[in-house]
Amino acid sequence: YISIIDSSAKVLLSIIRNILNFSRLENENIKVIKCKFYKEELFDVLEFYRSKARKKGLKLILKTENLENLFYGDIDKIRDILIHLVDNAIKFTKKGEILIVIKYLKSNLYISVKDSGIGMEQDSLKTIFKPFSQLDKRVNKEYEGIGIGLGIAQKLVEVLGGQLKVKTKIGEGSEFY
């Protein structure tokens, strides 16, 4: 029972943290704090997800291009974006792989998370970034979550001056970039 309590507490803490973060973002009460950080600080986030993916039988692949060793930006917000996108990719992928690409593109940091998961209908793209919206409306849902991860990721990308876009196809997966 202790492991169930521990696991449930972590899930609850994650939900509370996400709701608080979303609330701050909605109230535009968030500041960009730029500092120097090393690329390894981005890659460290992915190590946790590598083991989570492995438990599901998925391959997590990191591909980098044109990356300097030292960056200047808000590492915490970039990490949060990665966390939400990779977590979502693992959640909706039953088999195959998740490809994460991090590179410089036109003097900007470009991040792509592409999965071989279930994909989405094009109509779903209208609602996936809305808070507390989920595509699976059934009472006994197959996928966990409260439907704010992608909304948080989108807001954080916008706070940092970027855009979060998606390509998707039913049965073939999705790419958030």
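The structure this text deals with has already been given above.
The model shown is predicted, which means the values in this text are computed figures rather than measured ones.

About the thresholds
Residues numbered from 1 in each chain as written. Predicted model: local features only at pLDDT ≥ 70, side-chain atom pairs only at ≥ 80, totals over all residues. Heavy atoms only, no water. Phe/Tyr/Trp six-rings, centres within 6.5 Å; stacked < 30°, edge-to-face > 60°. Lys NZ or Arg CZ within 6 Å of the ring centre and 35° of its normal. Helix = DSSP H or I, 4+ residues; strand = E, 2+ residues; numbered from the N terminus. Expected span 1.5 Å × (residues − 1). Buried < 20%, exposed > 50% of the residue type's maximum accessible area, 1.4 Å probe, protein only. Salt bridge = Lys/Arg side-chain N within 4 Å of Asp/Glu carboxyl O. Axes fitted to C-alpha atoms, helices over the stretch in contact; angles between N-to-C directions. Parallel < 35°, antiparallel > 145°, perpendicular 65-115°, else oblique. Left-handed = near helix turned anticlockwise from the far one by under 90°. Contact = heavy atoms within 4.5 Å. Nonpolar A, V, L, I, M, F, W, Y, C, P; charged D, E, K, R; others polar. Patch = residues over 30% accessible without salt bridge, like charges linked within 9 Å, V, L, I, M, F, W, Y side chains within 5 Å. Areas by Shrake-Rupley, 256 points an atom, 1.4 Å probe, with all protein chains shown as cover. Bend = angle between axes of the 7 residues up to and from the residue.

A. Spatial organisation of the packing of aromatic side chains. Tallying each qualifying case throughout the model produces five aromatic pairs. Considering the side-chain rings of Phe48 and Tyr49, the 4.9 Å spacing of their centres and the 80 degrees angle between planes classify their relative orientation as edge-to-face. Three or more aromatic residues joined by ring pairs form one cluster here, namely Phe37, Phe71 and Tyr104. For Lys103, the ring lying beneath its charged end belongs to Tyr110, and the centroid distance is 5.2 Å.

B. Representation of helix 3 (residues 75–91) within the structure. With 17 residues, helix 3 should reach 24 Å at 1.5 Å per residue; the first-to-last C-alpha distance of 24 Å fits that figure. By the burial criterion, the buried members of helix 3 are Ile75, Lys77, Ile78, Ile81, Leu82, His84, Leu85, Val86, Asn88, Ala89 and Ile90.

C. Local environment of the pattern of salt bridges. Under the defined criterion, the tally for this structure stands at nine salt bridges. A salt bridge links Lys77 to Asp74, with the nearest nitrogen and oxygen atoms 2.8 Å apart. As far as the burial class goes, Lys77 and Asp74 line up, both buried. When salt bridges with common partners are traced through the structure, they connect Glu41, Asp76 and Arg79 into a single cluster.

D. Representation of the packing of helix 2 (residues 39–55) against helix 3 within the structure. Relative to each other, helix 2 and helix 3 sit at 20 degrees, their axes nearing to 10 Å. If you check the angle between helix 2 and helix 3, you find them roughly parallel. Judged by the twist between their axes, the crossing of helix 2 over helix 3 is right-handed. The residues of helix 3 that touch helix 2, namely those facing Glu41, Leu42, Val45, Leu46, Tyr49, Lys52 and Ala53, are Ile75, Ile78, Arg79, Leu82, Ile83, Val86, Asp87 and Ile90. Within the contact of helix 2 with helix 3, the residues separate by chemical class into 11 nonpolar, no polar and four charged.

E. Representation of a nonpolar patch on the surface. Judged by side-chain polarity, Tyr1, Ile4 and Ile5 come together as a nonpolar surface patch covering roughly 430 Å² of accessible area. If you trace the backbone, Tyr1 turns up in the segment before helix 1 (2–26). Residue classification places Tyr1 among the exposed positions, given a relative accessible area of 82%.

F. Region of the structure containing helix 2. Compared with the 24 Å implied by 1.5 Å per residue over 17 residues, the 26 Å span of helix 2 between its first and last C-alpha is a close match. A bend of about 25 degrees at Phe48 is the largest found in helix 2. Within the sequence span of helix 2, burial applies to Leu42, Phe43, Val45, Leu46, Tyr49 and Ala53. Summarising the contacts, the buried residues of helix 2 are in contact with strand 1 (35–38), strand 2 (59–65), helix 3, strand 4 (97–105) and strand 5 (108–115). Once helix 2 finishes, Gly57 follows within two positions and takes phi at roughly 80 degrees, a positive value.

Remember, this is a structural readout, not a statement about activity or role.
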